[in-house]
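Survey of secondary and tertiary structure
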Amino acid sequence: MSENQTSELTKRVMIVGKHDYIIEKLEGILKLAKFGTLGSSDPERIMRMLREEDFDLLLIGGGIEPHSRLAYIEYIQSHKPEVRVVEHYGGPATILSEVHGALGFTA
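All values reported here derive from a predicted model rather than from experimental measurement. (Residues numbered from 1 in each chain as written. Predicted model: local features only at pLDDT ≥ 70, side-chain atom pairs only at ≥ 80, totals over all residues. Heavy atoms only, no water.)

1. What to know about the side chain of Ser40
Here Ser40 lies in strand β2 (residues 36-40). Classification of Ser40 by relative accessible area gives buried; the value is 5%. Not counting the four nearest positions on each side in its chain, Ser40 is found in contact with Ile15, Val16, Gly17, Ile23, Arg45, Ile46 and Met49. (Helix = DSSP H or I, 4+ residues; strand = E, 2+ residues; numbered from the N terminus. Buried < 20%, exposed > 50% of the residue type's maximum accessible area, 1.4 Å probe, protein only. Contact = heavy atoms within 4.5 Å.)

2. Details of the layout of surface pockets
In this structure, the largest pocket spans a volume of roughly 220 Å³. Residue lining of the largest pocket: 16 residues in total, with Ile22, Leu26, Gly61, Gly62 and His88 positioned closest to the centre. Contributing elements (two or more residues each) for the lining of the largest pocket: β1 (12-16) and α2 (20-32). Element by element, the count of residues in the lining of the largest pocket is highest for α2, at four residues. Partitioned by chemical class, the residues of the lining of the largest pocket number six nonpolar, eight polar and two charged. (1 Å grid on protein atoms, 1.4 Å probe; cavity = no way out; pocket = protein on both sides within 12 Å on 5 of 7 lines; lining within 4 Å. Points joined across faces, edges and corners; volume = space filled by probe spheres on them. Nonpolar A, V, L, I, M, F, W, Y, C, P; charged D, E, K, R; others polar.)

3. Observations concerning helix α3 (residues 43-52)
Residues three or four positions apart in an α-helix share a direction because the helix packs 3.6 residues into each turn. Taken together, the buried positions of α3 are Ile46, Met49 and Leu50. Down the axis of α3, the buried side of the element spans an arc of 100°, and every buried residue falls inside it. The exposed set on the far side of α3, more than 90 degrees from its buried face, consists of Glu44 and Glu52. Along its buried surface, α3 packs onto β1, β2, β3 (57-61) and α4 (66-79). (Arc of directions from axis to C-beta.)

This is the structure in structure tokens:
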């Protein structure tokens, strides 16, 4: 197991999206790469998770409307500044490279 894989095992990604089936697909990709995941498409649940859950990266999907997107980012900046944020607008093929980049992992 490489150093990156060992580090990834301790990292948790929260996925915020518009559609549950997309969140599930992204969770599957990240779990195969040994990341822990949690996710939701429900705005009330998302805010509760932001407050109560521990995670290393917030992944915001492109389908999230601007007002909610801003609220999530502002919450993280104010309350959990150590958490990285990735605003993902592409398809699933770039997820791992975006997450690795945000967390400082090298290929």
